[in-house]
Amino acid sequence: MTVPTDSTRRPWWLDPLTGGESSGLSNAEVKVRLARHGPNVFHARRERSLLIQYLSRFKNPLVIILLVASIVSALSGEVINFIIISVIVLLSVTLDFVQEYRANAAAEKLRLSVAVRASVMRAGQPQEIPVSKIVPGDVVLLTAGDLIPADGCVLEAHDFFVKQALLTGESYPVEKHSAMPPDSATDLQDATNAVFMGTSVISGSARVLAVKTGADTAMGEIADTLTRPSKPTSFETGSRRFGLLIMRLTILMVMFVLLANAFFHKPWLDSFLFAVALAVGLTPELLPMVVSVTLSRGAMRMAKQQMIVKRLAAIQDLGSMDVLCTDKTGTLTEARIRMERHVDADGRPSERVLELAYLNSFFETGLKSPLDCAILEHQHIEVGSWNKIDEIPFDFERRCVSVLLDNGQSRWLVVKGAAEEIVGLCTNYEAEGTELRRPIDGTALGDIRTQYHALEAEGFRVLGIAWREVPRDHPHAQVSDETELVLAGFASFLDPPKESAAPALAALKQAGVAIKIVTGDSDLVTRHVCAQLNIPVTGVLTGKEIAQLDDYALQARVETSNLFCRVNPAQKERVILALKARGHVVGYLGDGINDAPSLHSADVGLSVDSAVDVAKEAADVILLERDLHVLHAGVLEGRRTFGNIMKYIQMGTSSNFGNMFSMAGASLFLPFLPMLPTQILLNNILYDLSEIAIPLDKVDAQETDRPRVLDLDFIRNFMLAIGPISSMFDFLTFYIMLHVLEANEHLFQTGWFVESLCTQVLVIFIIRTHGNPLKSRPHPLLTTSSLAIVALAMLLPYTAIGTHFGFVPPPAGFYLILGGMVLIYLLVVELAKQRFYRWSARRS
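Criteria and cut-off values
Residues numbered from 1 in each chain as written. Predicted model: local features only at pLDDT ≥ 70, side-chain atom pairs only at ≥ 80, totals over all residues. Heavy atoms only, no water. Helix = DSSP H or I, 4+ residues; strand = E, 2+ residues; numbered from the N terminus. Buried < 20%, exposed > 50% of the residue type's maximum accessible area, 1.4 Å probe, protein only. Lys, Arg positive; Asp, Glu negative; His and termini not counted. Salt bridge = Lys/Arg side-chain N within 4 Å of Asp/Glu carboxyl O. Contact = heavy atoms within 4.5 Å. Expected span 1.5 Å × (residues − 1). Arc of directions from axis to C-beta. Polar contact = N/O pair within 3.5 Å; in protein donor to acceptor, adjacent residues only side chain to side chain. Core = buried A, V, L, I, M, F, W, Y, C linked by side-chain atoms within 4.5 Å. 1 Å grid on protein atoms, 1.4 Å probe; cavity = no way out; pocket = protein on both sides within 12 Å on 5 of 7 lines; lining within 4 Å. Points joined across faces, edges and corners; volume = space filled by probe spheres on them. Nonpolar A, V, L, I, M, F, W, Y, C, P; charged D, E, K, R; others polar. Pairing = 2+ DSSP bridges. Axes fitted to C-alpha atoms, helices over the stretch in contact; angles between N-to-C directions.

**Quick word on the side chain of Asp700**
Turning to its location among the elements, Asp700 is positioned in the loop between helix 25 (677-690) and helix 26 (712-740). This buried residue, Asp700, is left without a salt bridge; Arg768 holds the nearest opposite charge, at 5.0 Å. The contact partners of Asp700, leaving out residues within four places of it in the chain, are Thr769, His770, Gly771 and Ser776.

**Digging into helix 15 (residues 442-457)**
If you check helix 15, its first and last C-alpha atoms are 22 Å apart, about what 16 residues at 1.5 Å a residue would give, namely 22 Å. Looking only at helix 15, the buried set comprises Ala444, Ile448, Tyr452, Leu455 and Glu456. When helix 15 is viewed along its axis, its buried side chains cluster within an angular range of 115° and face the same direction. For helix 15, exposure combined with an orientation more than 90 degrees from the buried face picks out Gly442, Thr443 and Thr450. With a side-chain oxygen positioned 3.3 Å from the backbone nitrogen of Thr443, the residue opening helix 15 is Asp441. At the C-terminal side of helix 15, Gly459 shows a positive phi close to 95°.

**Topic: the pattern of salt bridges**
Overall, the coordinates contain 29 salt bridges when judged by the stated rule. As a salt-bridge pair, Asp521 and Arg461 come within 3.0 Å of each other at their nearest N and O atoms. A residue pair is termed long-range when its members are at least 10 positions apart, and Asp521 in the loop between strand 18 (514-518) and helix 17 (523-532) and Arg461 in strand 16 (residues 461-470) qualify at 60 residues. Accessibility expressed as a relative area gives 10% for Asp521, which makes it buried. Lys647 is paired through a salt bridge with Asp697; the nearest N and O atoms lie 2.6 Å apart. Note that Lys647 is positioned in helix 23 (residues 628-652) and Asp697 in the loop between helix 25 and helix 26, a separation of 50 residues in sequence. Through salt bridges with shared partners, a single network forms among Glu420, Glu456, Lys544 and Arg566.

**A word on the nonpolar core**
For soluble globular proteins, nonpolar side chains are generally found buried alongside one another. Ranked by internal contacts, the top residues of the largest apolar core, which has 138 residues, are Met307, Leu318, Leu324, Leu606 and Phe753. With near-sequence residues (within four places) excluded, Met307 lies in contact with Ala299, Met302, Leu318, Leu606, Val621, Ile622, Leu623, Val630, Leu631 and Gly634.

**Some thoughts on empty space enclosed by the protein**
The tally for this structure, following the rule as stated, stands at 3 cavities of 30 Å³ or more. As a volume, the second largest cavity reaches approximately 50 Å³. Lining the second largest cavity are Thr733, Ile736, Met737, Glu755, Phe814, Ile817, Leu818 and Met821. Of all the secondary structure elements, the ones that give two or more residues to the lining of the second largest cavity are helix 26 and helix 31 (812-843). In terms of residues, the lining of the second largest cavity owes the most to one element, helix 31, which gives 4 residues. A per-class count over the lining of the second largest cavity returns 6 nonpolar, 1 polar and 1 charged.

**Here's the deal with the sheet that holds strand 18**
The 8 strands lie next to each other as 8-23-22-21-9-18-20-19, forming an open sheet whose pairing is mixed. Across the chains shown, the open sheet's two edge strands, defined by having one partner strand only, are strand 8 (307-309) and strand 19 (540-542). In this sheet, adjacent strand axes meet at a mean angle of 20° when their direction is disregarded. Examined bridge by bridge, strand 18 and strand 20 (residues 563-565) share 2 bridges and lie parallel to one another. Residue pairing in the sheet places Val518 in a bridge with Phe564 of strand 20. Strands strand 8, strand 9 (323-326), strand 22 (604-608) and strand 23 (621-623) of the sheet are contacted by helix 23, whose axis makes an angle of about 45° with strand 8.

The analysis is restricted to geometry; functional conclusions fall outside its scope.
The following block contains the structure:
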């Protein structure tokens, strides 16, 4: 099969296809074309070798400064310092690389399990393959709900409608067919025989020959301009502000140390190394690894609970989520819809209504809704001599679908849709059979509305069924044909509430997550479901009311409303953006073609494995079971990961920061450096090793009972509450070393190294829980690693390695004093922590 080429400037869709084979490519040909054209992605991501990935870790500015400093030490004759600094840097970089690589690999494997796939013909057989594997020349099989995976020409189409607003701005679906357009069709809008990557199939089916893939597609050419970076989520904003806080503190302290040492005329190389080591000690360089490993482990645990995470940071946002917007179908209800009644405009049972509804659903080629399935399953009806001529697919503006049918004697347009919209399109209604029609005047209109409102009040979802006869030579159905219809009646459906919904809603409410129902159904139906599930209705906003509100007025109303009914996709997105503007962290659960904008706009987009490709591609998290209990488990997991990340942040900004502050202060009055640069680096890496197990640690139940966000004010206040305690005990250590033990330079540095490492490692058992540390058991690996590091710090001065770092064995009395100081320090920190959380609770 030959694909059109770029030999001229003519658009490729105007070049006739040659070959015409429809069995697809052979496996050998696929390999050749994949090598020639590359993967079907906008920006091909070259997988770097492990060595390159490892070496890239050395681009960290602090690592570069340390390596330069070590080289300077070697050139100055300090070879031991050069070896020690180099080994410590190597260990730190390797530790970070190994942990983060394993975490990312595990997360990528999960993402691939829910990647969008496409159906293609290969060697005469249909196959499901990842979209990235499609090559020019592939024959792609498309049906309603699919994302179009490449630019291509239509080989065969059946009522094939595509939404391509992303590229052309056209709001309505466009019909595509295999006929060649005229030579004047040089614009995308005029390419009636071509489909374009990234657009979506609204209805029908087609076989398409892939012509262009990846960056060569129309979407690929403008991908950088179309792909607007999404607004940072709450966790990303908090992380960035935290990084800026640490950077400012580090710069101020390092500048202070350099100026102070210069003023006292201390050796410049030692002062420089000391300042750099201080910067390393202040920087939470393990934070990216802790975040990656914690999120990765969270994703693995969520996978066991039937949730696949596509964007790791979404786990944090899921835990911080305090508002969940969702439709009721399948979430609050069973999604096992059954047809209950089919009545005429006067409320009498009508087989005529059932027949027309059946014909519409039978011949419709769009994505079958649960209502269509319920109609077709309710009763089999012979379509007889009816044949479909054309159709107008469903869209959320018209809220109806029409099919043009012919039985050899007459031609009818049969329309099915939302009751309110259908009634508005009708001028007559059937009464006591098809022959007797009555005009819809003011009185009749009131009676008809009373009929379907009564059905909705009983909890039924109601569709209006209407029709009109058109001339036999009427070739195509158009939106303008949906006027002056004859109302046949109404079809009503029942979707019973889920038994699990009520307890799941109660659990989410207990966890601080408010549920807001955003639905296309009427407020009467939605209120009925809420009553069955004991959901109090605090306020209702309809699509018509939302359309009349500006953004500021909507922001005021969304706070007090929890039902949003008769809303279209654009209005759903406005509701989500209004909630975000009010400071909420918003999740959105959707599975339809038109849910993509809302999934993108929410802090965390949630979809289900059975969703259409468009929704799955836009979502951050995929639920393998559409059950709010699964979502509740995911919320708790998100809060657990957040809690473990916060432990590391609180450690780094309290005890660790206090020690570094003490170090900077000590350099003012000591005639020597309070700790050698190599000792600071060793202290830092041993501290990091003790905290590797934090991602495995348990989180207290009270830390998962409410949504939490990365609050910079909270972190700063915690640092100011706990950090000075660490500094106070450091200065007490200075006094004991200098005046009680009369320590020289090496003994002073040894004693403070041991004391600082013991306090900042053991305090994790206090900080890791909001409650009593004796009642909250840490993970065994965290306990083992922390105690092992403390033991190593105490034994190191007695080893040969310790002498290379400048350590000397302390007297036995030092350890007795150290034990008492550490116990008092931990007790004081516990008291300060409890006081801080009580004060913090009163403020909130």
